[in-house]
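Residues per chain are reported as follows:
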Amino acid sequence: MSALLEVEDLKVAFTRRGEPDSVAVDGVGFDVEPGEIVGLVGESGCGKSVTSLAIMRLLPERGNRVTGSIRMDGADLLALSDKEMRERRGKDLSMIFQDPLSSLNPVIPVGLQVTEVLTRHRGLRKDAARREAADLLDRVGIPDPRRRLDSYPHQLSGGMRQRALIAIALACTPRLLIADEPTTALDVTIQAQILDLLKQLVAETGTALVMITHDLGVVAGLCDRVNVLYGGRIVERAERHELFRTPRHPYTHGLLGSIPRLDGPPGEELAAIRGSVNDNLPWTDACAFAPRCPRALDACTAGTPPVEERDGRLLRCLNPVGVMS
Amino acid sequence: MTSLLTRRRTRIDELGGRSLTADALARLRRNPVAIVGAVIIGLFVLISIFAPLIAPHDAAAVFPELQRTLRPDSIPGSMPGFPLGSDQNGRDFFSRLILASRQTLIVGVLATLIGLVFGVLIGALAGAFGGWVDTVLMRVTDVLLSIPSLLLAISIAALAARPSQTTVIIAVALVNVPIFARLLRGAMLAQRDSDHVLAATSLGVKRNAIVVRHMLPNALGPVIVQATLTLATSILDAAALSFLGLGDGDPARAEWGLMLANAQSYLDVRPALAFYPAVAIILVALGFTLLGEAMREAIDPKGRR
């Protein structure tokens, strides 16, 4: 089966006159199969959101340089004209954002924001679009959808707003949906509902989902494959169960170790990863994670660690966990 | 007695389909400052609409019986048929005062509207497209804003070969354009970077639709408030222009600024001739300012103390 989305050697650098470029994404590559749920995991500043904006071509027009290739159905999204890209957004690929309140237009009723996409991409007439919009709201579990069409965003709860945004993003049954931390702004109880909803909808429509999150709990319940990002590069990629059972990269290992466990002894201290992203070394001549890594060797600061790909698993580490050294 | 449950339900129903505008209006109705402003403006508008019915006489009519009583050291006050007495030329002061409200309303509203339309056009263009369009438009705006507004109005009005009501409107409108343009441009820029515009872009919404449907309506709030406040300054500017002799010279037309100017020479003889037009100007300007400030608060609840 050929991949729906192929991201290859994607680099995003923010440029500023008189200053060295700041590289946010440094050669990220991953595939998404049709209908697959792929996770992009990492802490703040690792480049996961920038990657998603680059795929949607939503980065600001100026002040950045994007190289590499992003192919969807064989067509390079980076090579499309602005107009062609606008045609695809919302129709072939769409995105939901972190904050459901600020992502909705506050002065337009929710219904109009759903029908806008329907008339734009599916050419529906006004009343047909309205019927379809009510159906969509119903499908994402918004009660009394006909009345809710006339509600303004501030009249909906946080969970309902995110449901509405999901309805809008899936209105034209895109084949790819990118969700950028869709549950971060929500209550924990609502988070679970939204994740279940997403899971159910992508299964029904066959939409592939790229899930961007810093929450490994979200990944554990949802993703087929997981990419762990650090400092703008993928440091480990594995199938979900593999990753949780045997994390190989010390960073992944550290992330998993920092999650409180229900079955751990009471009063157990959580393992923390020392330092912060500010301690990163440049990838060009070291492993960026080395200064924070408990397993760092001298060799880790002597050159870029090579990428090793075996059994569907990708690893960028000289001294992985689970290997005697 | 209604139960708590039914009261809650009524409240939920009331809130149900309430738009932001309705919400703001509800807040406005509860604000005493807004009520006072609205009452003043309401009275002013009613008076100017029905001015010919309220005023007992024509603004230009000179009455011999009034003229006869004029002395260099006295101008008669109230007498039968003439509630506020005579002006310096033997015309009915009360009628002129009432009829002048029309000029003020017409000039104020037109100058603000014209300024608003062109200001919104320029501000929306600059804010939506950015780049060199923005740079050119905003530099011109900067130049206009750097000149004190009244000075600018005087210069423009003085360019006209023959001062008239139209030249006053044009002069004041031109002064208003950069104010609206600058304000809207800033609000549009803020919208351009907002999450919901990014979200709309991510759905493939066309650029024009994004500007018209997603940016402009969200950016207009402060502009609408400014329009109310600008009505006040427009009225003051127009009055100032007439006061300086750059307004409509037609004696048949009564105008508060001009009445004020003419009353100057008779301040020691009959101060009322200056007092009433001055109070009228102040009241109307105050009314618009109060309503404008209250609207600002109603539209942006965060700004409330």
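What counts as what
- Residues numbered from 1 in each chain as written.
- Chains lettered and ligands numbered in written order.
- Predicted model: local features only at pLDDT ≥ 70, side-chain atom pairs only at ≥ 80, totals over all residues.
- UniProt positions renumbered as here; feature names shortened; annotations may be inferred.
- Helix = DSSP H or I, 4+ residues; strand = E, 2+ residues; numbered from the N terminus.
- Buried ≥ 20, exposed ≤ 12 C-beta atoms within 10 Å, placed from the backbone.
- Contact = placed C-beta atoms within 7 Å.
- Nonpolar A, V, L, I, M, F, W, Y, C, P; charged D, E, K, R; others polar.
- Pairing = 2+ DSSP bridges.
- Right-handed = clockwise from strand over helix to strand, strands pointing away.
- Core = buried A, V, L, I, M, F, W, Y, C linked by C-beta atoms within 7 Å.
- Axes fitted to C-alpha atoms, helices over the stretch in contact; angles between N-to-C directions.
- Left-handed = near helix turned anticlockwise from the far one by under 90°.
- Parallel < 35°, antiparallel > 145°, perpendicular 65-115°, else oblique.
- Expected span 1.5 Å × (residues − 1).
- Arc of directions from axis to C-beta.

In the annotation of an unreviewed UniProt entry, the entry for chain B reads ABC transporter permease subunit, and the organism field reads Pseudonocardia xishanensis. In the Subcellular location (unreviewed entry) part of its UniProt record, chain B is described as follows: "Cell membrane". According to the UniProt record, the Sequence similarities (unreviewed entry) comment for chain B reads "Belongs to the binding-protein-dependent transport system permease family."

Looking up chain A in an unreviewed UniProt entry gives the name ABC transporter ATP-binding protein, with the organism given as Pseudonocardia xishanensis. What the UniProt record of chain A gives under Sequence similarities (unreviewed entry) is the line "Belongs to the ABC transporter superfamily."

### So, the overall build of chain B
Broken down by element type, chain B carries 13 helices and 0 strands. Its helices and strands in sequence order give chain B the pattern α-α-α-α-α-α-α-α-α-α-α-α-α, from N to C terminus. Counting only C-alpha atoms, chain B reaches 80 × 65 × 30 Å along its principal axes. Relative to its full complement of 305 residues, chain B shows a buried share of 43%. Considering only contacts in chain B between residues 6 or more positions apart, those separated by 24 or more positions represent 72%.

### Notes on the overall build of chain A
When you go through chain A residue by residue, the secondary structure sums to 10 helices and 12 strands. Taken along the three principal axes of its C-alpha coordinates, chain A extends 65 × 50 × 40 Å. Here the analysis covers contacts within chain A between residues at least 6 apart in sequence; of these, 63% occur between residues at least 24 apart.

### Regarding the interface of chain A and chain B
Taken together, the 27 residues of chain A in the interface contact 20 residues of chain B. Elements supplying a minimum of two residues to the side of chain A that touches chain B: helix 2 (82-88), strand 6 (93-96) and helix 3 (110-122) of chain A. It is helix 3 of chain A that contributes the most residues to the side of chain A that touches chain B, 4 residues altogether. Considered class by class, the residues forming the side of chain A that touches chain B number 11 nonpolar, 7 polar and 9 charged.

### Observations concerning the pairing of strand 8 (residues 208-213) of chain A
All names here are of chain A. Along strand 8, 6 of the 6 residues are buried, which leaves the element largely enclosed by surrounding structure. A two-sided burial pattern is seen for strand 8, the buried positions comprising Ala-208, Val-210 and Ile-212 on one face and Leu-209, Met-211 and Thr-213 on the other. Looking at chain direction, strand 3 (residues 37-41) and strand 8 are connected through 5 bridges and run parallel. Its bridge partner being in strand 8, Val-38 is matched across the sheet by Val-210. Bridge count for strand 7 (residues 176-180) against strand 8 is 5 bridges, and the pairing is parallel. Each bridged residue has a counterpart across the sheet, and for Leu-176 the counterpart in strand 8 is Ala-208. In this fold, the crossover linking strand 7 to strand 8 by way of helix 7 (residues 188-205) has right-handed handedness.

### With respect to the nonpolar core
Core analysis: the biggest nonpolar cluster contains 169 residues, and Ala-167 and Met-211 of chain A together with Val-172 and Leu-184 of chain B have the highest contact counts within it. Take this core: its biggest share by element is 17 residues, from helix 11 (residues 207-243) of chain B.

### Topic: unusual backbone geometry
Residues and elements named next belong to chain A. We note that Asp-9 has phi near 50°; this positive angle belongs to a residue other than glycine. Among the secondary structure elements, Asp-9 is positioned in strand 1 (residues 5-16). Here Asp-9 falls in the exposed class, since 11 other C-beta atoms lie within 10 Å of it.

### Things to note about the UniProt feature "transmembrane region" (unreviewed entry) in chain B
Here, the residues flagged by UniProt with the feature "transmembrane region" (unreviewed entry) are residues 33-55, 105-131, 143-161, 167-184, 223-246 and 274-295 of chain B. Across residues 143-161 of chain B, helical content stands at 79% and strand content at 0%; the span's end C-alpha atoms are separated by 24 Å.

### Points about the UniProt feature "domain: ABC transmembrane type-1" (unreviewed entry) in chain B
Mapped onto this numbering, the UniProt entry gives "domain: ABC transmembrane type-1" (unreviewed entry) at residues 101-292 of chain B. Secondary structure across residues 101-292 of chain B comprises 82% helix and 0% strand; the distance between its end C-alpha atoms is 20 Å.

### Some thoughts on the sheet that holds strand 3 of chain A
Residue and element names in this part refer to chain A. Strands sit in the order 6-7-8-3-9-10-12-11 across an open sheet of 8 strands; the sheet is mixed. Taken across any chain shown, the strands that pair with only one partner, and hence form the sheet edges, are strand 6 and strand 11 (308-310). Going from strand to strand, the sheet's axes swing by 20° on average, the running direction of each strand aside. Sheet analysis places strand 9 (residues 225-230) next to strand 10 (residues 233-239), joined by 6 bridges and oriented antiparallel. The residue bridging Val-228 from the neighbouring strand is Glu-236, located in strand 10. Sitting on the sheet, helix 6 (residues 158-169) is in contact with strand 6 and strand 7, with an inclination near 170° to strand 6.

### Let's talk about the packing of helix 6 (residues 93-129) of chain B against helix 7 (residues 131-146) of chain B
Residue and element names in this part refer to chain B. Taken N-terminus to C-terminus, the directions of helix 6 and helix 7 make an angle of 145°; their axes are 7 Å apart at the nearest point. For the element pair helix 6 and helix 7, the recorded crossing hand is left-handed. Residues Ile-122, Leu-125, Ala-126 and Phe-129 of helix 6 form the contact with helix 7, whose own contacting residues are Gly-131, Val-133, Asp-134, Leu-137 and Met-138. In the contact of helix 6 with helix 7, the residues fall into 7 nonpolar, 1 polar and 1 charged.

### Quick look at the pairing of strand 6 of chain A
All names here are of chain A. Residues Leu-93 and Met-95 of strand 6 are buried on one face, and the alternating residues Ser-94 and Ile-96, pointing to the opposite face, are buried as well. Sheet analysis places strand 6 next to strand 7, joined by 4 bridges and oriented parallel. Bridge pairing links Ile-96 to Ala-179 in strand 7.

### With respect to the packing of helix 11 of chain B against helix 13 (residues 272-299) of chain B
Residue and element names in this part refer to chain B. For the pair helix 11 and helix 13, interaxial distance at closest approach is 8 Å and the crossing angle is 170°. Relative to helix 13, the element helix 11 lies roughly antiparallel. Note on element contacts: helix 13 touches helix 11 through Ile-281, Val-284, Ala-285, Phe-288, Thr-289, Leu-291, Gly-292, Met-295, Arg-296 and Ile-299, opposite Gly-221, Val-225, Thr-228, Leu-229, Leu-231, Ala-232, Ile-235, Leu-236 and Ala-239.

### Overview of the environment of Asp-58 of chain B
Relative to the helices and strands, Asp-58 of chain B is located in the loop between helix 4 (51-54) and helix 5 (64-69). Distance in space between the C-alpha atoms of Asp-58 of chain B and Ala-252 of chain B is 8.6 Å, their sequence separation being 194 residues.

### Observations regarding helix 4 (residues 126-139) of chain A
All names here are of chain A. Over its 14 residues, helix 4 runs 20 Å from end to end, which matches the ideal 20 Å to within 8%, given 1.5 Å per residue. Buried within helix 4 are the following residues: Ala-129, Ala-133, Ala-134, Leu-136 and Leu-137. Projected down its long axis, helix 4 carries its buried residues within an arc of 160°, all on one side. On the buried face of helix 4, the contacting elements are helix 3, helix 5 (145-148) and helix 6. Following helix 4 by one or two positions, Gly-141 adopts a phi angle in the positive range, close to 80°.

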